[in-house]
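If you want the building blocks of each chain, they are given just below.
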Amino acid sequence: QVQLVESGGGLVQPGGSLRLSCAASRNIGSLYAMGWYRQAPGKQRELVASIRSDSRTNYADSVKGRSTISGDLARNTVYLQMNSLKPEDTAVYYCNAVLYSAVAYWGQGTQVTVSS
């Protein structure tokens with residue numbers, strides 16, 4: 001069974017930075033896109049950033065200019081560099097991978113807490 005394994009979450013002070021990493025436990029085939037979503041308590045899961053196989057990226061307005069997504073879809077890896085973190089960035093961050101067949105995989109989630 002394929003797993004997406006996330007790492008890099010934790011507690012950080014406002015204004016700080018974190019780098020999230022995600023890798024598939026085994027090769028999961030031809031990926032269309034990988035991305036990061038987040039879900040804060042009492043809120044719906046939302047897209048943070050995504051990267052397509054053609055390297056095109058997409059960001060939520062709330063993180064644009066503060067975050068950078070990168071990765072190697074051929075190796076089923078994706079990263080999210082987040083800078084100038086705010087308390088409202090506090091959430092569980094989930095890695096997502098989508099095949100050209102539209103099959104999607106999700107990670108277990110990693111907690112990011114921004115607090116002084």
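Check the entry above for the structure.
To start, this report covers the structure provided alongside it.

What counts, and where the lines are drawn
Residues take numbers from 1 onward in each chain, read along the sequence in its written order. Given that this is a predicted model, residues contribute local features only at a pLDDT of at least 70 and side-chain atom pairs are listed and counted only at 80 or more, while totals for whole chains, interfaces and linings are drawn from all residues. Hydrogens and waters are ignored; side-chain quantities use all the structure's heavy atoms. Only protein chains enter the accessibility calculation, which uses a 1.4 Å probe. A residue is then buried if its area is under 20% of the maximum for its type, exposed if over 50%, and partly exposed in between. Here a strand is any run of E in DSSP of at least two residues, a helix any run of H or I of at least four, and the numbering for each starts at the N terminus. Strands pair, by our definition, only if DSSP identifies at least two bridges between them. The rule for a salt bridge is simple: a side-chain nitrogen of Lys or Arg has to be within 4 Å of a carboxyl oxygen of Asp or Glu.

Quick notes on the pairing of strand S3 (residues 18-24)
Consecutive residues of a regular strand have side chains that alternate between opposite faces of the sheet.
And then number 1: In terms of residue burial, S3 counts as a mostly covered element, since five of its seven residues are buried.
And then number 2: Where strand S1 (residues 4-7) meets S3, four bridges bridge the pair, whose relative direction is antiparallel. Among the inter-strand pairings, Ser7 is bridged to a residue of S3, identified as Ser21.
And then number 3: As paired elements, S3 and strand S8 (residues 77-82) share six bridges and run antiparallel to each other. Bridged to Arg19 within S8 is Gln81.

Here we look at the pattern of salt bridges
And then number 1: Using the criterion set out here, one finds six salt bridges in the structure.
And then number 2: With a shortest N-O distance of 3.0 Å, Arg38 and Asp89 are connected by a salt bridge. In this pair, Arg38 is assigned in strand S4 (residues 31-39) and Asp89 in the loop between S8 and strand S9 (91-99), connecting sequence segments 51 residues apart. Summarising the burial analysis for this pair, Arg38 and Asp89 share the class buried.
And then number 3: In this structure, Lys64 and Asp61 form a salt bridge, with 3.2 Å as the shortest nitrogen-oxygen distance.
And then number 4: The network of salt bridges with common partners includes Arg38, Glu46, Arg66 and Asp89.

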